[in-house]
Amino acid sequence: MNYTATPRRTLRRALKGILVRVISLSLMLYVLFPFLWLVLSSVKLPVELLSRPPVIIPEKLTFKYYANLFENGSFMTAVWNSLIVAGFTTLLSLVLGVFASYVFARLKFPGRKAVFLTILGSQMLPQMALLIPLFILMRMSGLLYTFQGLVLAYITFSLPYVVWMYYSFLQSLPHEIEEASRIDGCTRLQSIFRIMLPLSATGLTATGVFVFIGAWNEFLLASVLTDSGSRTLPSRISEFIGQDRIAYELMFPAGVISCIPVLVLVLYFQKYIVQGLTEGGVK
Amino acid sequence: MDKANRFLMIFGRGREQEKKDRGMRKGGLLDRLDRLSDTSTAYLYLMPTLTLILLTVFVPMLYALFISFSKVAFTQGNMTYDFVGLSNYMQLLSDARFLNVLSNTVFFTVTKVVATLAIAFGISLTIYFGLWGAGFFKRIFLIPWALSNVVNSLMWQWMYSGDYGIFNEVLLKLGFIDEYQMWLVNEHTAMSAVLFADIWKSVPYVALLLLAAMQSIPRELHEASKVDGGGPITAFYHIILPHIKPVIMVLLVIETMWTLRVFDLIWLLTKGGPQDSTMTLNVFAYEQAFRNFDLGYGAAISYCITILTLIFTFFYMKTLKVEN
C-alpha cells in the first residue's frame with residue numbers, strides 16, 4: 001500500500017465531494033429559488049414584504065391574505081371557472097382522443113398517415129393565428145365569454161395532444177390480449193372498454209394530467225375569450241397586476257393557490273409525467 | 001354418454017347458435033357497428049375528432065386568411081369587413097416597427113434556444129455523472145415546467161422589482177451594481193431579463209430529454225472507453241455527444257417552434273416595451289388585434305408567424321424522419 005499517497009487521495013476525494021455538493025446545491029437553488037421566494041413573499045406582512053433591503057426570513061408569518069382571497073368572490077369564481085374549464089377540457093379530449101388513438105394504434109386503413117399528420121399538424125399552428133378568427137367566430141355564434149367557447153378553443157390544442165400521447169402509450173401495449181378477447185366474443189367496444197382502457201390506465205391518467213395542467217395554466221386564449229364572469233384563474237391573477245394599486249399582498253397568495261393543484265399533480269404523477277414527456281416529442 | 005345428455009348438449013348448442021344467428025341477422029346498433037370493416041370503424045371513430053378539428057382549426061385558419069385581406073371595423077357592436085387585398089401585408093412591410101420586431105423575434109428565439117440547450121446540457125450532465133441529493137432534485141426538477149406563465153411572470157417581476165427586488169439586492173451585495181435597477185423598464189436590460197425568465201422555465205423539459213438520451217447509452221460503451229484508457233473528456237466527445245446528437249437536433253427544432261410562439265411571459269412582464277425593446281411578432285400581433293382592435297392587421301401578422309412556424313414544422317418532420 002502506498003502510504004504517502006493516502007492523505008493526498010483523501011484530500012482529493014474530499015475536494016471532489018465538496019465540489020459536487022456545491023454544484024448540486026446551486027442547481028437546486030437555481031431551479032427552486034424563484035418559487036420559494038414567491039411562497040415566502042405570500043406569507044409576509046406588508047411591512048416586511050415591501051422593505052428594502054428585502055427581508056429573507058419573515059419574523060412573523062401571516063395567512064391573512066390567503067383567508068382574504070377565500071372570501072373574495074371574484075377570485076373564488078375564477079378558481080371555480082378554472083376547475084370547470086380544465087375539467088371539461090380534460091374529460092372531452094380524453095373521450096374523443098381515446099377513440100382516435102385506438103384507431104391509429106390498432107387499425108390499418110387507407111389515409112391513416114395523412115389523417116394522423118393532419119391531426120398532429122393542427123397542434124403546431126401558432127395559437128395567435130387561431131385566436132383572431134376564433135374570437136370573431138365565437139362572437140358571431142354567441143360562444144364568446146362562455147365556458148363552452150373556451151373549452152372548445154382548448155380542445156383544439158389538447159385533442160391532438162391526447163391523440164399523440166395516448167397513441168404512443170397504446171403502441172407500447174401488447175395487442176394480443178385484445179385480439180384474444182375479440183376471438184372470445186367481445187365486441188370491439190367491449191375490448192376497448194374492458195381490456196384496453198384498464199390496461200392503459202396509467203397512460204390515460206398521465207395524458208389527462210397533462211391536458212388538465214395545460215388548460216389550468218393557459219392564459220392567452222383565456223385573456224381574450226373570457227370576460228369578468230367567466231375569467232379563469234390565470235387571467236384573473238393577471239388583473240391583479242393591472243389594478244391601480246399593485247396588490248402585492250394578494251397577488252402572491254393568489255399565485256401560490258393557483259399552483260397548488262398543478263404541483264400536487266406533478267409531484268404525485270411524476271413518474272408518468274416524465275415518461276410522457278420523454279416518449280412524446282411534444283411539450 | 002347417455003342419450004339425454006347428448007340431446008341436451010346439442011339442444012343447448014343449438015339455442016346458442018340460434019341466438020348468435022339472430023344477433024347477426026337483425027342485431028342491435030352495437031352489433032352492426034361491430035361488424036364494420038377496419039376502414040369504416042376507423043373513420044367512424046375518427047369522425048368526432050376530425051369534425052372538431054376541422055371546425056375549430058381549419059375553418060378558422062382559412063377565415064383568418066380572409067380577415068388578413070380585410071379591414072375589420074366595429075361600429076355600434078356590429079362588425080364590418082372591407083376587402084382591402086394585400087394592403088395589411090403591405091402595411092406590415094412598410095411598418096417602421098416591423099423590422100425591429102422581426103429582429104427582436106429572431107434574437108429572442110436564437111438566444112433562448114441556444115442558452116436553454118446549453119444550461120440544460122450542463123444540468124443533465126451533472127445528473128448523469130452523479131448529483132448529490134439526486135432524489136430530491138428529481139422531485140423538484142419539473143417545478144419550473146409546471147408553473148403557469150402567469151405565476152412565472154409574477155415571480156420574476158417581483159424578483160426584478162426596482163424597489164424591493166431580491167435580484168437587485170443580491171447583485172448589490174456582490175458588487176455588480178451600485179444601486180437598484182429597474183430591469184424591466186430599462187430598454188437595455190428588459191430583453192435579457194425576459195429571456196432569463198423564459199429560459200428558466202424551458203430548461204427542465206430540455207434537460208429531461210437530454211438526460212433520457214444519455215441514460216439510454218449502453219454501459220458497455222463507457223466500460224470499453226475506460227479499458228482503452230479514456231478519461232471523462234474522451235467519454236464525453238466520443239460516446240455521449242454522438243449518442244445524443246439526434247435528440248439535440250430534435251430539441252433544436254422543437255424549442256425553436258415553441259419559442260416562436262412565446263407570448264404570455266413577454267406580455268405580462270413588459271407588454272413588448274420599453275420602446276418596443278421586447279416586442280416580438282406574437283406580442284405585436286396581439287397588441288394590434290386586441291389592443292388597437294385592428295383585427296385584419298393582427299391576422300396578417302399572425303399569418304407571418306404561421307408561415308415561419310410551418311417552415312420549422314417541415315424541418316421538424318424531416319429531422320424526425322431522418323432520426324427514425
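Basis of the calculations
Residues numbered from 1 in each chain as written. Chains lettered and ligands numbered in written order. Predicted model: local features only at pLDDT ≥ 70, side-chain atom pairs only at ≥ 80, totals over all residues. Heavy atoms only, no water. Helix = DSSP H or I, 4+ residues; strand = E, 2+ residues; numbered from the N terminus. Rg over C-alpha atoms; globule rule 2.2 N^0.38 Å. Buried < 20%, exposed > 50% of the residue type's maximum accessible area, 1.4 Å probe, protein only. Contact = heavy atoms within 4.5 Å. Areas by Shrake-Rupley, 256 points an atom, 1.4 Å probe, with all protein chains shown as cover. Lys, Arg positive; Asp, Glu negative; His and termini not counted. Charge placed at Lys NZ, Arg CZ, Asp CG, Glu CD. pLDDT = per-residue confidence, 0-100. 1 Å grid on protein atoms, 1.4 Å probe; cavity = no way out; pocket = protein on both sides within 12 Å on 5 of 7 lines; lining within 4 Å. Points joined across faces, edges and corners; volume = space filled by probe spheres on them. Nonpolar A, V, L, I, M, F, W, Y, C, P; charged D, E, K, R; others polar. Patch = residues over 30% accessible without salt bridge, like charges linked within 9 Å, V, L, I, M, F, W, Y side chains within 5 Å. Salt bridge = Lys/Arg side-chain N within 4 Å of Asp/Glu carboxyl O. Core = buried A, V, L, I, M, F, W, Y, C linked by side-chain atoms within 4.5 Å. Phe/Tyr/Trp six-rings, centres within 6.5 Å; stacked < 30°, edge-to-face > 60°. Lys NZ or Arg CZ within 6 Å of the ring centre and 35° of its normal. Axes fitted to C-alpha atoms, helices over the stretch in contact; angles between N-to-C directions. Parallel < 35°, antiparallel > 145°, perpendicular 65-115°, else oblique. Left-handed = near helix turned anticlockwise from the far one by under 90°.

Enquirer: Lay out the overall build of chain A in plain terms, naming residues and giving numbers.
Expert: Along the backbone of chain A there are 14 helices and zero strands. In terms of overall size, chain A is more extended than a compact globule, its C-alpha atoms giving a radius of gyration of 25 Å where 283 residues would be expected to give roughly 19 Å. Counting over 283 residues, chain A shows a buried share of 56%. Considering only residue pairs separated by 6 or more positions, chain A has 73% of its internal contacts joining residues 24 or more positions apart. Here chain A has roughly 12900 Å² of accessible surface; of this, 67% comes from carbon and sulfur atoms. For chain A, the distance from the average position of its 23 positive side-chain charges to the average position of its 13 negative side-chain charges is 13 Å.

Enquirer: Please give an account of the confidence of the model for chain B that cites residues and values.
Expert: All names here are of chain B. Of all residues in chain B, 90% attain a pLDDT of 70 or more, and the chain-wide mean is 83. When the criterion is pLDDT under 50, residues 10-14 qualifies, and its contacts beyond four places in sequence or with other chains add up to zero contacts. Here the predicted complex scores 0.87 on pTM and 0.87 on ipTM.

Enquirer: If you had to explain the layout of surface pockets to someone new, which residues and values would you point to?
Expert: Residue and element names in this part refer to chain B. What the second largest pocket holds in volume is close to 470 Å³. In terms of lining, the second largest pocket is formed by 14 residues, of which the most central are Tyr128, Phe129, Arg219, His222 and Lys226. Every element with two or more residues in the lining of the second largest pocket is listed here: helix H10 (190-215), helix H11 (219-227) and helix H12 (232-260). Here the lining of the second largest pocket gets five residues from one element, more than from any other, and that element is H11. Of the residues assigned to the lining of the second largest pocket, the class counts are six nonpolar, five polar and three charged.

Enquirer: Any chance you could break down a positive patch on the surface for me, citing the residues and the numbers?
Expert: A contiguous patch of positive charge, built from A:Arg8, A:Arg9, A:Arg12, A:Arg13 and A:Lys16, is present on the exposed surface. With respect to the helices and strands, the residue A:Arg8 is situated in helix H1 (residues 5-42).

Enquirer: How would you explain the side chain of A:Ser200 if you had to name every residue and give the values?
Expert: Along the chain, the position of A:Ser200 falls in the loop between helix H9 (188-199) and helix H10 (201-217). The contact partners of A:Ser200, leaving out residues within four places of it in the chain, are A:Tyr166, A:Leu170 and A:Leu173.

Enquirer: So what about the nonpolar core? Which residues, and what values?
Expert: In terms of nonpolar packing, the biggest core is built from 195 residues, with A:Leu225 and B:Phe137 touching the most fellow members. It is H10(B) that provides the largest number of residues to this core, a total of 17 residues. Not counting chain neighbours up to four residues away, the residues in contact with B:Phe137 comprise A:Leu27, A:Met28, A:Val31, B:Ile123, B:Ile127 and B:Leu131.

Enquirer: Break down the packing of aromatic side chains for me, citing the residues and quoting the values.
Expert: Counted under the stated rule, the structure contains 36 aromatic pairs over all chains. Between A:Phe109 and B:Tyr43, the ring centres sit 5.2 Å apart and the planes meet at 80 degrees, which makes this aromatic pair edge-to-face. Taken together, the residues A:Phe109 in the loop between helix H4 (73-106) and helix H5 (112-124) and B:Tyr43 in helix H3 (residues 38-68) connect one chain to another. Relative accessible area serves as the criterion here: at 7%, A:Phe109 is assigned to the buried category. Ring geometry for B:Trp267 versus B:Tyr286: centroids 4.8 Å apart, planes at 65 degrees, classification edge-to-face. Here B:Tyr286 lies in helix H14 (residues 281-291) and B:Trp267 lies in helix H13 (residues 264-269), a separation of 19 residues in the sequence. In this pair, the class of B:Trp267 matches that of B:Tyr286, namely buried. Through a chain of ring-to-ring contacts, the aromatic side chains of A:Phe104, A:Phe109, A:Phe116, A:Trp164, A:Tyr167 and B:Tyr43 assemble into a single cluster. Its guanidinium or amino end placed over the ring of B:Trp258, B:Arg261 lies 4.6 Å from that ring's centre, counting from NZ or CZ.

Enquirer: Kindly report on the packing of H10(B) against H12(B), identifying the contributing residues and their values.
Expert: Residue and element names in this part refer to chain B. Contact geometry of H10 with H12 gives a least axis separation of 9 Å together with a crossing angle of 150 degrees. In terms of their interaxial angle, H10 and H12 are classed as roughly antiparallel. Once H10 is placed against H12, the crossing between them reads as right-handed. Side by side, H10 and H12 meet where Ser202, Tyr205, Val206, Leu209, Leu210, Ala213 and Met214 of the first sit next to Ile240, His243, Ile244, Val247, Ile248, Leu251, Ile254 and Glu255 of the second. Within the contact of H10 with H12, the residues separate by chemical class into twelve nonpolar, two polar and one charged.

Enquirer: An account of the environment of A:Phe169 is needed here, citing residue identities and associated values.
Expert: Within the element layout of this structure, A:Phe169 appears in helix H7 (residues 147-171). A C-alpha to C-alpha distance of 14 Å links A:Phe169 and A:Ile195, two positions 26 residues apart in sequence.

Enquirer: Go over a nonpolar patch on the surface with me, naming the residues and quoting the values.
Expert: All names here are of chain B. Side chains of Leu29, Leu33, Leu36, Leu44 and Met47 sit close together on the surface and give an oily, nonpolar patch of about 420 Å² of accessible area. Counting only elements with at least two residues in the nonpolar patch, the list comes to helix H2 (29-34) and H3. One can find leucine 44 in helix H3. Overall, the relative accessible area of 31% leaves leucine 44 in the partly exposed class.

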